[in-house]
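# Residue-level structural notes
Take a look at the letters that make up each chain.
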Amino acid sequence: MKRTMRMLLIPLLLFLVATGFSTRHTGEGQTLYEQHCARCHGADGTRGMFGAKNLQKSLLPDTAIALQIRNGKRIMPPFKKRLTPDQINELTTYIKTLRKPAI
Ligand code: HEC
């Protein structure tokens, strides 16, 4: 009986953990963006403060985006000391969702 309970509980726990992680996962890029990037780039990527590039029009590939977040460029500060590589990946994925298809 005890054994059956455990066999039911373990998958349930795993499921809860997995879904909990995945919801947190999807929101993280946006939260990080709002905390670190929106003051220059704007919530939708178009603010252009201090000459910040319009992220809706950016065509940079993933590796170049991640590199620029890590090292910064001119007025854009480097984030490698403030963000983990995972967070930088989250941001890279998130800012691509701001892009609008070219008309
Ligand atoms: C202090 C203002 C500022 C902040 C904060 C900032 N940026 Fe920038 N960002 C800039 C400026 C200025 C440029 C243009 C740099 C250049 O090429 O001269 C830029 C350019 C970029 C580009 C290159 C776009 C392209 O197509 O060339 C990306 C990607 C980018 N920023 C992402 C981010 C992300 C992600 C964050 C948050 C982690 C962030 N930025 C925070 C000012 C900022």
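Keep in mind that this is a model prediction, so the values were computed, not measured.

### Quick notes on the pattern of salt bridges
In total, this model carries 1 salt bridge according to the counting rule given. Here aspartate 62 ties to lysine 96 by a salt bridge, and the two come within 2.7 Å at their closest N and O atoms. Here aspartate 62, found in helix α3 (residues 62–71), pairs with lysine 96, found in helix α4 (residues 85–97); they are 34 residues apart in sequence, far enough to count as distant.

### Remarks on the coordination of the iron atom of the ligand
Surrounding the iron atom of the ligand are the protein donor atoms His41 (NE2) and Met76 (SD), which sit 2.0 to 2.2 Å from the metal. When its relative accessible area of 10% is taken as the criterion, histidine 41 is described as buried. Look at methionine 76 and you get partly exposed, because its relative accessible area is 22%.

### Focus: the site of the ligand
Of all residues adjacent to the ligand, which total 23 residues, the nearest are Cys37, Cys40, His41, Ser58 and Met76. Residue lysine 53 places a side-chain N or O atom 3.3 Å away from an oxygen atom belonging to the ligand. A distance of 2.6 Å separates an oxygen atom of the ligand from a polar atom in the side chain of serine 58. Broken down by secondary-structure element, the contributors of at least two residues to the shell around the ligand are α2 (38–41), α3 and α4. Classifying every residue of the shell around the ligand gives 14 nonpolar, 5 polar and 4 charged.

### Details of the packing of aromatic side chains
Summed over all chains, the structure comprises 1 aromatic pair. Seen from their ring centres, tyrosine 33 and tyrosine 94 are 5.5 Å apart, and the 50° between their planes marks the pair as tilted. Remark: tyrosine 94 occurs in helix α4 and tyrosine 33 occurs in helix α1 (residues 2–36); sequence separation between them is 61 residues. As far as burial versus exposure is concerned, tyrosine 33 and tyrosine 94 are alike and both buried.

The rules behind each value
Residues numbered from 1 in each chain as written. Predicted model: local features only at pLDDT ≥ 70, side-chain atom pairs only at ≥ 80, totals over all residues. Heavy atoms only, no water. Salt bridge = Lys/Arg side-chain N within 4 Å of Asp/Glu carboxyl O. Helix = DSSP H or I, 4+ residues; strand = E, 2+ residues; numbered from the N terminus. Donors = N, O, S within 2.8 Å, 3.2 Å for Na, K, Ca; no water. Buried < 20%, exposed > 50% of the residue type's maximum accessible area, 1.4 Å probe, protein only. Near = heavy atom within 4 Å. Polar contact = N/O pair within 3.5 Å; in protein donor to acceptor, adjacent residues only side chain to side chain. Nonpolar A, V, L, I, M, F, W, Y, C, P; charged D, E, K, R; others polar. Phe/Tyr/Trp six-rings, centres within 6.5 Å; stacked < 30°, edge-to-face > 60°.

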